[in-house]
Amino acid sequence: MLSTNNTNKLPGLNIFRFQDSDLSLMSILPLLAEEFPSWGLDRLKSYIRLVLKQESNGILVAKNDSSYNVGLLIYSIQDIMNKGFSKNAKKEFSKCLVVENLISSSPVLEKKVYLQLANKAVDIAENNSCDVIELPRLDSSFDLIKKKYEKYILNSDGWRAFIKINKILTANKEL
């Protein structure tokens, strides 16, 4: 079953937190199969169950108005080496929401899907007292994210980029 809370959305795109059940699991497998074409059905199911095994992990699903899945974000919350992320510079580790996989089913919708999924990830990170969000490298698919969060993006030239969480960023707390 998917949560129906979604008050911070772009027109035509809804973001839901994935809740594991056999029916909903089958609905996200096509997106995962695009990302991991060499994996069989059993391995895909195993991966999802492994992700959801930890309470700090989660999956966000983007659906269009016709209820088709158009995007997926898989995350985990981890402690990472503090590289100036925390307000407390003496702190050795920072709490981080790590975006493990970010998938869009359509190149046309990709930027909007990524932005909306990132917005929800920011909400979740803030709700879990994370200092930063770790994203994949910010290529052209992330233009809308770069524009919205440009003041908060750290280390965007490398393999991964970070968005520093600031209480001002979000007001949406339902996820």
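Structure shown above.
Attention here is on the structure that accompanies the text.

Reading the values: the criteria
Residues numbered from 1 in each chain as written. Predicted model: local features only at pLDDT ≥ 70, side-chain atom pairs only at ≥ 80, totals over all residues. Heavy atoms only, no water. Helix = DSSP H or I, 4+ residues; strand = E, 2+ residues; numbered from the N terminus. Buried < 20%, exposed > 50% of the residue type's maximum accessible area, 1.4 Å probe, protein only. Contact = heavy atoms within 4.5 Å. Areas by Shrake-Rupley, 256 points an atom, 1.4 Å probe, with all protein chains shown as cover. Core = buried A, V, L, I, M, F, W, Y, C linked by side-chain atoms within 4.5 Å. Pairing = 2+ DSSP bridges. Axes fitted to C-alpha atoms, helices over the stretch in contact; angles between N-to-C directions. Polar contact = N/O pair within 3.5 Å; in protein donor to acceptor, adjacent residues only side chain to side chain. Expected span 1.5 Å × (residues − 1). Arc of directions from axis to C-beta.

1. Concerning the overall build of the protein
Part 1 of the argument: Assigned secondary structure in the protein consists of four helices and seven strands.
Part 2 of the argument: Mapped in sequence order, the helices and strands of the protein form the string β-α-α-β-β-β-α-β-α-β-β.
Part 3 of the argument: Within the protein, the proportion of its 175 residues that are buried is 48%.
Part 4 of the argument: Counting contacts in the protein only where the partners sit at least 6 residues apart, residues at least 24 apart contribute 60% of the total.
Part 5 of the argument: A total accessible area of about 9500 Å² is found for the protein, and carbon and sulfur atoms account for 51% of it.

2. Examining the nonpolar core
Part 1 of the argument: With 31 residues, the main nonpolar core has Leu 73, Leu 97, Leu 117, Ile 133 and Ile 145 as its most contacted residues.
Part 2 of the argument: Elements supplying a minimum of two residues to this core: strand 1 (13–17), strand 2 (58–64), strand 3 (69–81), strand 4 (93–104), helix 3 (110–127), strand 5 (132–136), helix 4 (143–149) and strand 7 (160–164).
Part 3 of the argument: Here this core takes nine residues from helix 3, the largest share from any one element.
Part 4 of the argument: Core analysis: the second largest hydrophobic core is formed by 17 residues, Phe 18, Leu 29, Phe 36 and Trp 39 among them.

3. So, the sheet that holds strand 2
Part 1 of the argument: Strand order in the open sheet formed by seven strands is 1-2-3-4-5-7-6, with mixed pairing between adjacent strands. Either end of the sheet is taken by a strand with one partner, and the two such strands are strand 1 and strand 6 (153–154).
Part 2 of the argument: As defined by bridge partners, strand 1 adjoins strand 2 across five bridges and the pair is classed as antiparallel. What sits directly across from Asn 14, in strand 2, is Lys 63.
Part 3 of the argument: Relative to strand 2, helix 2 (residues 41–53) is tilted by about 120°, and along the sheet it contacts strand 2, strand 3 and strand 4.
Part 4 of the argument: Relative to strand 4, helix 3 is tilted by about 155°, and along the sheet it contacts strand 1, strand 2, strand 3, strand 4 and strand 5.

4. A word on the side chain of Asn 101
Part 1 of the argument: Note that Asn 101 resides in strand 4.
Part 2 of the argument: The exposure class assigned to Asn 101 is buried, which follows from its relative accessible area of 10%.
Part 3 of the argument: A polar side-chain atom of Asn 101 sits 2.9 Å from a polar atom in the side chain of Tyr 47.
Part 4 of the argument: Look past the residues within four positions of Asn 101 in its chain and what remains in contact with it is Glu 35, Phe 36, Tyr 47, Leu 72, Leu 73 and Ile 74.

5. Focus: helix 2
Part 1 of the argument: For helix 2, built from 13 residues, the straight-helix expectation of 18 Å at 1.5 Å per residue is met to within 8% by its first-to-last C-alpha distance of 18 Å.
Part 2 of the argument: For helix 2, the set of buried residues is Leu 44, Tyr 47, Ile 48 and Val 51. End-on view of helix 2: buried residues confined to an arc of 95°, all on one side of the axis. Along helix 2, exposed side chains directed more than 90 degrees from the buried face belong to Asp 42, Leu 50 and Lys 53.

6. Some words on the pairing of strand 3
Part 1 of the argument: By the criterion of burial, strand 3 is predominantly enclosed, with ten of the 13 residues buried.
Part 2 of the argument: Hairpin remark: strand 2 followed by strand 3, antiparallel, with four residues in the connecting loop; positive phi at Ser 67, about 70°.
Part 3 of the argument: Note that strand 3 and strand 4 share eleven bridges and pair antiparallel. Its bridge partner lying in strand 4, Ile 80 is registered against Ser 94.

All we've got here are geometric facts, nothing functional implied.
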